[in-house]
Amino acid sequence: MSDQEPEDQRSVEDLESQLSELVAQEKRAAEDLEAKERAALSRRQEASASRESYQEQKQNRLRLEAQLAEARKGKQSLFRRFRTNAELRKENKQLQKELTRHRRVDRVSRGAAGIAAKFIAGRELRQSFRSWFLAAREAEGPRDFLGQESADLGTAITRRAIRVGIWGVLLATVPSLLTGGITGGFLFWQNRLMTAQLDQQTNDATIARRAELLDIIYREECVEANPSKETELAQRSEGDSAGEAEALQKPSVSTPQKICTPVAHPRARQEAAIAFVKIENSREETVNLNTAKIPGTDLVEAKLSGAILSGANLKEARLRKADLTEADLREADLREAILRGAILSNANLSGAILNGADLDGANLKEAKLPGADLGRANLIRANLREADLSGTNLREADLGWADLRETYLIGTNLREADLTRANLRKANLTRANLRKASLSGAILSGAYLRGADLREASLSEADLTRAFLSWADLSRANLRGADLTEADLREADLREAILSGAELSGTDLREAILSGAELSGTDLSRARNLTQGKIRWAFSNSETRLPEGFVRPNHWIFPIHDQRFYLENLPDKSAD
């Protein structure tokens, strides 16, 4: 009986081990199944997103094709009623002939009126002098003649002169007024008609040229591509569930896709885009080059205020000093584009690609750039005041001396970016990635850096007065000579940070970690919520000032370079 008990115990243990192994296998199988289901769900979501993107692109393409068809139709109707330059020259020649004829008639009428006036004046004067001579012959003596007849002669001459003047004026002016009025009216209406015709022709030519340029810019050749079942199977991972594998082996109708390529040469498209912008500017219309593929286009100092360029390919485009105020540049491709001195205030650059773009001195005040890619972009002296850069990629970007006051930089990637002497007063840098960034001499007074990643960042001589740095990671950061007056460093990680010569007057260090921090020459006498334990594992020298009642750790008597070795070799870390 005693021998049987160990055997039963061993069998029970074997059964328990087998049961635990089966449970573990079942758990692993459940986990594998759950992982496969999650993978399948993510693939279905990706497929749904790609289908939605394809449908959106298809709708945009259909809308564009409809616009082009309408433009071509309008162009044909315009050419049917288009008046050629030869016809207008012929009409102008006829008008000049009419004008010459009317001028000739006017000269003849004026000459005839003058001759008539001269004839009447001569006749009246001759009759007056004849009457005077007759009166002189019949006079009885010189006295009578000089007294009475001289008065009568003067009165007669005056009366006749007035009569002659009136008749002369009437004969000289009435025909001139009649002929001049007729000629002037005719010429006025003819000139107005010709001006209207020329304006209509210019407008028709402009619309026709505009349609031609749009055709050059947007015309594409599309080829349908139907993905085969083998391609779909290759795109799937090997970890598909059994149900998905069965669904793939069933015959399914693949979604047709179109691959479209521009017909015109890139140089022709660039020239067409330049001409189109000039036409729209002359017509004072908003430039609409949505989704246009015009890389490398020269649009220096172009007037593109309010332009619609969303989704456009403007890679390596030259837009120096261009006016892009309130322009729509969502998801536009502006890689390595030259935008020096460009005006982009209030522009919408959400999701735009600006890798390596040159924005030196550009005005981006109140611009919208969430989700944009500005990696390695040149933004020296750029005005980004009150701009929205939330979630933007600014990795390795050069923002030296840039104006970033009150800018939204929530969750922005500024890793290894150069922000030397940049003005970030009251900027919102919550959870921003500033690892290894250069912020030497930057102005961050009142900036909000809650939870920001500032590991190994250079903040020497930076102005951080009243900055919010709670929960920020400042490990190994260089804060030498920085001004942290009244800054909020609650629960901040300052391990191995360099705080030599930093100003910490009124700085809140509640639950901040100062392990391995260098505090040589730092004035900690007026720091708030500083405890003896916080400085226990920090490095410093005799120049450091501590609050009243604090005891200097023993290792501070050694040189800075020996203190780390001393602390690492302490037998009991709990003791100093």
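All values reported here derive from a predicted model rather than from experimental measurement. (Residues numbered from 1 in each chain as written. Predicted model: local features only at pLDDT ≥ 70, side-chain atom pairs only at ≥ 80, totals over all residues. Heavy atoms only, no water.)

1. Remarks on the overall build of the protein
Counting secondary structure elements, the protein contains 7 helices and 2 strands. By the burial criterion, 35% of the 576 residues in the protein qualify as buried. Carbon and sulfur atoms make up 50% of the accessible area of the protein, which totals about 33,800 Å². (Helix = DSSP H or I, 4+ residues; strand = E, 2+ residues; numbered from the N terminus. Buried < 20%, exposed > 50% of the residue type's maximum accessible area, 1.4 Å probe, protein only. Areas by Shrake-Rupley, 256 points an atom, 1.4 Å probe, with all protein chains shown as cover.)

2. Considering the side chain of Asp493
If you trace the backbone, Asp493 turns up in the loop between helix H6 (266–282) and helix H7 (560–568). Beyond its immediate chain neighbours, meaning those up to four positions away, Asp493 contacts Ala472, Asp473, Leu474, Ser475 and Ile513. (Contact = heavy atoms within 4.5 Å.)

3. Focus: the side chain of Asp360
Position of Asp360 among the secondary structure elements: in the loop between H6 and H7. Owing to a relative accessible area of 10%, Asp360 belongs among the buried residues under this scheme. Among the polar contacts listed, one links the side chain of Asp360 to the side chain of Arg340, at a separation of 3.3 Å. The contacts of Asp360, once residues within four sequence positions are left out, are Arg340, Gly341, Asn378, Ile380 and Arg381. (Polar contact = N/O pair within 3.5 Å; in protein donor to acceptor, adjacent residues only side chain to side chain.)

4. Description of the confidence of the model for the protein
Scored by pLDDT, the protein has a mean of 80; 70% of the residues are at 70 or more. Per-residue pLDDT, averaged within each element of the protein, yields its smallest value for helix H5 (residues 242–249) (44) and its largest for H6 (91). Low pLDDT, under 50, characterises residues 142–149; the stretch is placed with 7 contacts to residues that sit more than four places away or in other chains. Low pLDDT, under 50, characterises residues 228–253; the predicted model gives this stretch 15 contacts beyond four residues in sequence or across chains. (pLDDT = per-residue confidence, 0-100.)

5. Points about the packing of aromatic side chains
A full pass over the atoms with the stated rule returns 1 aromatic pair. When the centroid spacing of 5.3 Å and the interplanar angle of 45 degrees are considered together, the rings of Tyr448 and Phe468 count as tilted. With Tyr448 in the loop between H6 and H7 and Phe468 in the loop between H6 and H7, this pair connects stretches of sequence that are 20 residues apart. We classify Tyr448 as partly exposed; its relative accessible area is 32%. (Phe/Tyr/Trp six-rings, centres within 6.5 Å; stacked < 30°, edge-to-face > 60°.)

6. Comments concerning the state of the cysteines
Summed over the entire model, instances satisfying the criterion amount to 1 disulfide. Disulfide partner of Cys222: Cys260, at an S-S distance of 2.0 Å. Taking the torsion about the S-S bond as the criterion, the Cys222 to Cys260 disulfide, at about 110 degrees, is right-handed. Of this pair, Cys222 sits in strand E1 (residues 220–225) while Cys260 sits in strand E2 (residues 257–262), and the two are 38 residues apart along the sequence. (Disulfide = S-S within 2.5 Å.)

7. Concerning the pattern of salt bridges
One pass over the structure, following the stated rule, counts 22 salt bridges. When the shortest N-O distance is used, the salt bridge between Arg209 and Glu212 registers 3.7 Å. Highlighted residues: Arg209 and Glu212, both in helix H3 (residues 142–218), separated by 3 residues, approximately one helical turn. With relative accessibility at 36%, the residue Arg209 sits in the partly exposed group. Residue Glu212 is classed as partly exposed on the basis of its relative accessible area, which comes to 34%. (Salt bridge = Lys/Arg side-chain N within 4 Å of Asp/Glu carboxyl O.)

8. Notes on the environment of Arg450
Relative to the helices and strands, Arg450 is located in the loop between H6 and H7. Sequence spacing of Arg450 and Ala467 is 17 residues, and the spatial spacing of their C-alpha atoms is 9.3 Å. If we skip the residues at most four places from it in the chain, Arg450 touches Thr430, Arg431, Phe468, Ser470 and Trp471.

9. So, the environment of Ile513
Mapping Ile513 onto the fold places it in the loop between H6 and H7. For the pair Ile513 and Trp537, spaced 24 residues apart in sequence, the C-alpha separation works out to 9.8 Å. Those residues within four positions of Ile513 in sequence are excluded, and the remaining contacts are Ala492, Asp493, Leu494 and Arg495.

10. Details of unusual backbone geometry
One non-glycine residue, Trp401, lies in positive phi territory at about 60 degrees. Positive phi, normally seen in glycine, also occurs at Asn529, with a value near 60 degrees. One can find Asn529 in the loop between H6 and H7.

11. Re H6
Given 3.6 residues per turn, any residue in an α-helix points the same way as the ones three and four places further on. With 17 residues, H6 ought to run about 24 Å at 1.5 Å a step, and its terminal C-alpha atoms sit 25 Å apart, in line with that. For H6, the complete set of buried residues consists of Arg269, Gln270, Ala272, Ala273, Ala275, Phe276, Val277, Ile279 and Glu280. Positive phi appears at Glu284, one or two residues downstream of H6, with a value of about 55 degrees. (Expected span 1.5 Å × (residues − 1).)

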